[in-house]
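# Architecture and fold: a report
Single-letter residue listing:
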Amino acid sequence: MTGLGRVGLGEVARNWPVQGAVWPTVRPVEEVELRLEELLFPSIVDVAVLSVAVDDEAVRIEARSTAAGAICPGCGIWSRRIHSSYLRFPADVPSGGRRVALCLRVRRFLCPVISCERRTFAEQLPGLTRRYGRRTERLRSTLAAVGLALAGRAVPAWRA
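Let's shift gears to the pattern of salt bridges. A full pass over the atoms with the stated rule returns five salt bridges. When the shortest N-O distance is used, the salt bridge between R60 and D55 registers 2.8 Å. Judged by its relative accessible area of 30%, D55 falls in the partly exposed class. Several salt bridges share partner residues, and in doing so they unite R130, E137 and R140 into one network.

Turning next to the packing of aromatic side chains. For the coordinates displayed, the defined rule picks out one aromatic pair. Look at F109 and F121: their rings are 5.9 Å apart centre to centre, the planes differ by 25°, and that puts the pair in the stacked class. On the criterion of sequence distance, the pair formed by F109 in strand β6 (residues 99-110) and F121 in strand β7 (residues 120-122) is long-range, its members being twelve residues apart. The exposure class assigned to F109 is buried, which follows from its relative accessible area of 0%.

Conventions and cut-offs
Residues numbered from 1 in each chain as written. Predicted model: local features only at pLDDT ≥ 70, side-chain atom pairs only at ≥ 80, totals over all residues. Heavy atoms only, no water. Salt bridge = Lys/Arg side-chain N within 4 Å of Asp/Glu carboxyl O. Buried < 20%, exposed > 50% of the residue type's maximum accessible area, 1.4 Å probe, protein only. Phe/Tyr/Trp six-rings, centres within 6.5 Å; stacked < 30°, edge-to-face > 60°. Helix = DSSP H or I, 4+ residues; strand = E, 2+ residues; numbered from the N terminus.

Right under this line is the structure:
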């Protein structure tokens, strides 16, 4: 076998230190998480990335809101009382040729105003989700741009 092959650990140890070798920089976990949040959600505040898993087909991202509360859409009053939480799976823009599966933990809050017609409401993350939305805002804007570029006409695959 010619060319590059597997190099055993013993061979690396015998030839160490290599001239000009630089030790990799070890960064704290908090800094890596901060960089992930900046990379994945650059313009969205109050989002924490809990985990990222990458395989051949998809990138799976688990995230949650870090806001202390939310504004009731019925009366406009701020609430901190959490009623429950659930998972949302909005579709997102592909990354690196892989499908992005976003798993978003969303909290439901209790409205503090007794006379408000909405007893509970779900938090919305501006720039990421909207009520009853099944797509992220990034995917919505990308699809709108594609639709405008095609002037509303779908191009058949055999003509492209």
